[in-house]
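A closer look at the structure
This is what each chain is made of:
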Amino acid sequence: MKYLAFLAMNLLFVQCDYAQSLPVVQANSKNVSVRDGQVFQKGVWNLSPEVKPDVYQALEPMVEKRITFYTDIDSVSFDVTPGKTYDFLIVLNKKDTCYTRISTIRTASQTALDSKADKLMEPTLLQQDFKVFRESLEKHHAGIYTYRSKQVLDRFMDSCYLALNRPMTTLEFGKPILQVISALQDGHTRSNLPALLMKHYTDNEKVFPIHPYFMKNKAYVLCGEGLPAGTEIIQIDGRTIPEIRDKIYTYLPSDGSITANKRQRLNDGAFPIFYHWVYGNQERFEVQYKGQNGTIETIKIGAVGTKNIVCAYEKQRNNTKALQLIWLNASTALLQVRTFDESRIEREKIDFGGFLDSAFTAINKRKIKNLIIDVRDNGGGADDYGALLYSYLSQKPFRYFLSKASNTHTVKLDENPLLGPQKPQPNSFKGQVSILTNGYSFSTTADFCATARHNKRATFIGEETGGGYYGNTSGGRTEVVLPNSQIVVQIPLYKYLNAVRKAEHSDRGIIPDYEVFASIEDILQQKDVELALALGLMR
């Protein structure tokens, strides 16, 4: 007992010494604001003296950045790097010490959960998880009723809850979770279920041995086993292509009623796994297809492991750089903007603002008349990068965001300058602009495109953007781990409205002036038909 008392005293002294070495800030209110990199979250943190440590999980992307905690009377900042923790103390009302920790260690959802996909759970546990999921959405999601009314979503979630009346595995339970996320019509609401599906099927199951390519109401063999590339698939196991596609779409997230983003996910390899997950595992498939002479024929093909699907076709990117300026001819330049993501741009050691300034200076110096901006496959990133790019296209002041708000806070102009008037750049481009888009043009990219469309500054060519015209819900997120299944759901916290005029469709993206759907022959030969059309229009 003397030894235990001595050890306890030593631990107490060690803890006291450690506490004295930590940064200390004062607070008179439990409500604390946090700036995480460029994301300011007013009142997002509530002090809890009883939790030791109370851990703040840094927002993605996990990069070197500054995180600042603002109490009502004090603040503390840390320059953080990925994979570390940063401890400090907040003294509340000069008496309660709140031991606080900033963590940049990737969470389970950011790596991939080690959860057992075939873990069987009883209905009471499933119902408990679903209640946590639903309540979290209703509490935190700033844009939950943007596209669907509360009445419609309540009815849908009620039906999903009532269907949890039998034991299910984690992956089975994932179906109503993904269906609800899809029904929200918000592309920033995500989960770790796709990662769990990929791991489970790669490790344990055989799948449909063909990667199909979907376009409009048809599908063609892109690569795989059993049928040559380019073959049109009519049915699989007696189900038509539109029937299969539309069923799988109900499990994929997207802004509004946009399907371009969902279609590209299927075309980029998600189909074999989703087909098995939705329709059940099987060893053989009956495929109806159109033969070379146009006749309808049938073949039976066996399932294979995902690693064994043979693909001679490999999608090539003409450019893997984040940013690049290419001179196409004496009067035309191509500006490729593959991302607005700060971490990727930093990894490539690019100064985004400096690159744009030098690019447009060179464009004007060469007296370029036609500019093509390629934002295909650009999934978004920093808000200010999109606004900055548009400032090089405008000759007059413009508006970018109309508003930004969470369920508890409306962002003011002094917190986010993008809510106010924006100035054009002195060396902005005055010539003809075309913008190339596809279903992966999302988030910040869609905001940039919406501003250009609103101001009638560009001709759009390609496919509808994956992001909505009116805005999105993003700007930071909270993660909810469902207690029994360990499924992780990521919920966006801020609803953005773009400063744009009314469009014909309230639930769509930026619809191109020239909608382009490449043929299967163009795809297999890797022809850039969108760029070719843009060049043709500028002659």
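The structure displayed is predicted, hence computed values, not measured ones. Every chain's residues receive numbers from 1 upward, in the order its sequence appears when written. Local features in this predicted model are restricted to residues of pLDDT 70 or higher, and side-chain atom pairs are both shown and tallied only at a pLDDT of 80 or more, whereas totals for entire chains, interfaces and linings draw on every residue. Derived side-chain values reflect all non-hydrogen atoms in the structure, with water molecules and hydrogen atoms excluded from consideration.

**Describing the sheet that holds strand E22 (residues 370-374)**
In this analysis, strands are considered paired if DSSP registers two or more bridges between them. Secondary structure elements follow DSSP: runs of H or I no shorter than four residues count as helices, runs of E no shorter than two count as strands, and numbering proceeds from the N terminus. Strand order in the open sheet formed by 6 strands is E20-E21-E22-E24-E25-E28, with mixed pairing between adjacent strands. Because the sheet does not close on itself, it has two edges, and the strands there are strand E20 (323-327) and strand E28 (514-515). With 4 bridges connecting them, strand E24 (residues 432-437) and strand E25 (residues 459-462) associate as parallel partners. Each residue of the ladder has a partner; that of Ile435, found in E25, is Phe460. We call two residues contacting when some pair of their heavy atoms lies within 4.5 Å. Axes, fitted as lines to C-alpha atoms, cover a helix only where it is in contact. Angles between the N-to-C directions of the axes lie from 0 to 180 degrees. Contacts from helix H12 (residues 444-454) reach E22, E24 and E25, with the element oriented near 140 degrees to E24.

**With respect to the pattern of salt bridges**
The term salt bridge refers to a side-chain nitrogen of Lys or Arg lying within 4 Å of a carboxyl oxygen of Asp or Glu. As enumerated under the stated definition, the model contains 19 salt bridges in all. Asp154 serves as the salt-bridge partner of Lys150, at 2.7 Å between the closest nitrogen and oxygen. With Lys150 and Asp154 both in helix H4 (residues 150-162) and 4 residues apart, the pair spans about one turn of that helix. With relative accessibility at 45%, the residue Lys150 sits in the partly exposed group. The class of Asp154 is buried, set by a relative accessible area of 13%. Across the pair Arg453 and Asp513 runs a salt bridge whose closest N-O atoms are separated by 3.4 Å. Note on classification: 1.4 Å probe, protein chains only; a residue is buried when its accessible area is under 20% of the maximum for its type, exposed when over 50%, partly exposed between these limits.

**Things to note about the sheet that holds strand E7 (residues 85-92)**
Strand order across the open sheet formed by 4 strands is E1-E7-E8-E4, with mixed pairing between neighbours. Two strands close off the open sheet at either side, each with one partner strand: strand E1 (24-27) and strand E4 (54-57). Strand-to-strand twist of the sheet, defined as the mean angle between neighbouring strand axes without regard to direction, takes the value 30 degrees. By the bridge criterion, 8 bridges tie E7 to strand E8 (residues 96-103) in an arrangement that is antiparallel. Residue Leu92 lies in a different strand from E8, and its bridge partner there is Asp96.

**Some details on helix H11 (residues 383-391)**
Across the 9 residues that make up H11, a large majority, 7, are buried. Asp383, Tyr385, Gly386, Ala387, Leu389, Tyr390 and Ser391 are the residues of H11 that are buried.

**Here's the deal with the pairing of strand E13 (residues 210-215)**
The side chains of a regular strand alternate between the sheet's two faces. Buried residues dominate E13, accounting for 6 of its 6 residues. Note: E13 against strand E14 (residues 218-224), 6 bridges, orientation antiparallel. Within E14, the position partnered with Tyr213 by the bridge is Tyr220.

**Comments concerning the nonpolar core**
Core analysis: the largest hydrophobic core is formed by 59 residues, its most contacted members being Phe130, Phe133, Ile177, Phe271 and Trp277. The residues touching Phe271, leaving out its near neighbours within four places in the chain, are Phe208, Ile210, Pro212, Phe214, Ile236, Ile244, Ile248 and Leu266. The set of buried Ala, Val, Leu, Ile, Met, Phe, Trp, Tyr and Cys residues whose side-chain atoms join them within 4.5 Å is what this entry labels a nonpolar core. Core analysis: the next-biggest nonpolar cluster, separate from the first, contains 48 residues, Ile373, Ala387, Tyr390 and Tyr494 among them.

**Points about the side chain of Arg457**
Mapped onto the fold, Arg457 is located in the loop between H12 and E25. In this tally, Lys and Arg are treated as positive and Asp and Glu as negative; His is ignored, and so are the chain termini. The side chain of Arg457 is buried and forms no salt bridge, while Asp513, the nearest opposite charge, is found at 12 Å. A polar side-chain atom of Arg457 sits 2.5 Å from the main-chain carbonyl oxygen of Leu393. Residues in contact with Arg457, not counting those within four places in the same chain, are Tyr390, Leu393, Gln395, Phe429, Lys430, Gly431, Val433 and Ala452. Under this definition, polar contacts are N or O atom pairs within 3.5 Å; protein pairs additionally need one hydrogen-donor-capable and one acceptor-capable atom, and for neighbouring residues in sequence, both atoms have to be side-chain atoms.

**Describing the packing of aromatic side chains**
Stacked, edge-to-face and tilted are the three classes for Phe, Tyr and Trp ring pairs, Trp counted by its six-membered ring, which pair at centre distances within 6.5 Å; planes under 30 degrees apart are stacked, over 60 edge-to-face, the rest tilted. In the structure shown here, the tally under the stated rule is 24 aromatic pairs. Aromatic side chains Phe208 and Tyr275 sit 6.0 Å apart centroid to centroid with 45 degrees between the ring planes, which places their arrangement in the tilted category. Taken together, the positions of Phe208 in the loop between strand E12 (206-207) and E13 and Tyr275 in helix H8 (residues 260-279) put the pair 67 residues apart, joining distant regions of the chain. Look at Phe208 and you get buried, because its relative accessible area is 0%. Pairwise contacts between aromatic rings join Trp45, Tyr56, Phe69, Phe78, Tyr86 and Phe88 into one cluster. A ring is scored as having a charge over it whenever the NZ atom of a lysine or the CZ atom of an arginine sits within 6 Å of its centre and within 35 degrees of its normal. If you follow Lys175 out to its NZ or CZ, it ends over the ring of Trp277, 5.7 Å from the centre. Its end group placed over the ring of Trp327, Arg366 keeps NZ or CZ at 4.0 Å from the ring centre.

**Comments concerning the confidence of the model for the protein chain**
Per-residue confidence for the protein chain gives a mean pLDDT of 90, with 92% of residues at or over 70. Confidence of the predictor at the level of single residues is given by pLDDT, which spans 0 to 100. Overall, residues 1-20 carries pLDDT values under 50, and its contacts beyond four positions in sequence, including any with other chains, amount to 3 contacts.

**As for the pairing of E24**
For E24, a buried count of 5 out of 6 residues is recorded, marking the element as mostly surrounded by other parts of the structure. Between the parallel pair E24 and E25, the chain is carried across by H12, and the sense of this crossover is right-handed. If you view a crossover with the strands going away from you and the path from the first strand over the helix to the second runs clockwise, you call it right-handed.

**Some remarks on the environment of Leu531**
You can see Leu531 is positioned in helix H14 (residues 529-537). Between the C-alpha atoms of Leu531 and Val310, which are 221 residues apart in sequence, the distance is 29 Å. Here Leu531 is in contact with Leu328, Leu334, Ile372 and Leu436, once residues within four sequence places are set aside.

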